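# Survey of secondary and tertiary structure
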Amino acid sequence: QVQLVESGGGLVQAGGSLRLSCAASGRTFGSNAMGWFRQAPGKEREFVAAISWNGGSTLYTDSVKGRFTISRDNAKNTVYLQMNSLKPEDTAVYYCAAGASRWSGKSDERYDYWGQGTQVTVSS
């Protein structure tokens, strides 16, 4: 079992920044990929960013490239999502996910544990 707890969400004006954190426990954190997904009201969950087990590889959806940065601290069992230049269309519940292998990419089928989510609201 893996437990994932997200934090750092909130309300921010357009152009602002937030940093999401996801604390993991229950499995060797440093052996698996991690990812961030989001779900806006009335929409399906979508991939946001992924990072490999050692942080050596990252992947972003096109709409956040250049604005969001995923990183991880294996000593702290934590993955981060730094979100800059936020837009109203970034409003969603953001979910942290633990991958089933060292690299899981953008398919949610390759993630086997999920957090409860944290709300991010960007006002215009």
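Residues numbered from 1 in each chain as written. Predicted model: local features only at pLDDT ≥ 70, side-chain atom pairs only at ≥ 80, totals over all residues. Heavy atoms only, no water.

## With respect to the environment of Asp-90
Tracing the sequence through the fold places Asp-90 in the loop between strand S8 (78-83) and strand S9 (92-99). Between the alpha carbons of Asp-90 and Val-64 there is a distance of 8.7 Å; along the sequence they are 26 residues apart. Aside from chain neighbours lying at most four places away, what touches Asp-90 is Arg-38, Arg-67, Phe-68, Ser-85, Val-120 and Val-122. (Helix = DSSP H or I, 4+ residues; strand = E, 2+ residues; numbered from the N terminus. Contact = heavy atoms within 4.5 Å.)

## Quick notes on the state of the cysteines
Scanning the model with the defined rule gives 1 disulfide in all. Linked covalently through their sulfurs, Cys-22 and Cys-96 form a disulfide whose S-S length is 2.1 Å. Judged by the sign of its S-S torsion, about -75°, the bond between Cys-22 and Cys-96 is left-handed. A residue pair is termed long-range when its members are at least 10 positions apart, and Cys-22 in strand S3 (residues 18-25) and Cys-96 in strand S9 qualify at 74 residues. Here Cys-22 and Cys-96 have matching classes, each one buried. (Disulfide = S-S within 2.5 Å. Buried < 20%, exposed > 50% of the residue type's maximum accessible area, 1.4 Å probe, protein only.)

## Quick look at the pattern of salt bridges
Applying the stated rule across the entire model yields 5 salt bridges. Notably, a salt bridge pairs Arg-45 with Asp-108, separated by 3.3 Å at the nearest N-O pair. With Arg-45 in the loop between strand S4 (34-39) and strand S5 (46-51) and Asp-108 in the loop between S9 and strand S10 (111-114), this residue pair connects regions lying 63 residues apart in the sequence. We classify Arg-45 as partly exposed; its relative accessible area is 35%. A relative accessible area of 30% places Asp-108 in the partly exposed class. Measuring nitrogen to oxygen at the nearest pair gives 2.7 Å for the salt bridge that ties Asp-90 to Arg-67. Taken together, the residues Asp-90 in the loop between S8 and S9 and Arg-67 in the loop between strand S6 (58-60) and strand S7 (68-73) connect sequence positions 23 residues apart. (Salt bridge = Lys/Arg side-chain N within 4 Å of Asp/Glu carboxyl O.)

## Looking at unusual backbone geometry
In this structure, Asn-77 is a non-glycine residue whose phi angle is positive, near 55°. A residue is classified by how much of its surface remains accessible, and Asn-77, at 28% relative accessible area, is partly exposed.

## Let's talk about the pairing of S4
Consecutive side chains of a regular strand alternate in pointing toward one face of the sheet and then the other. With respect to burial, S4 is a largely interior element, 5 of its 6 residues being buried. Relative to S5, S4 runs antiparallel, the two being bridged by 5 bridges. The residue of S5 that forms the bridge with Phe-37 is Phe-47. Counting the residues in the hairpin turn of S4 and S5 gives 6 residues, including Gly-42, whose phi is positive at 75°. (Pairing = 2+ DSSP bridges.)

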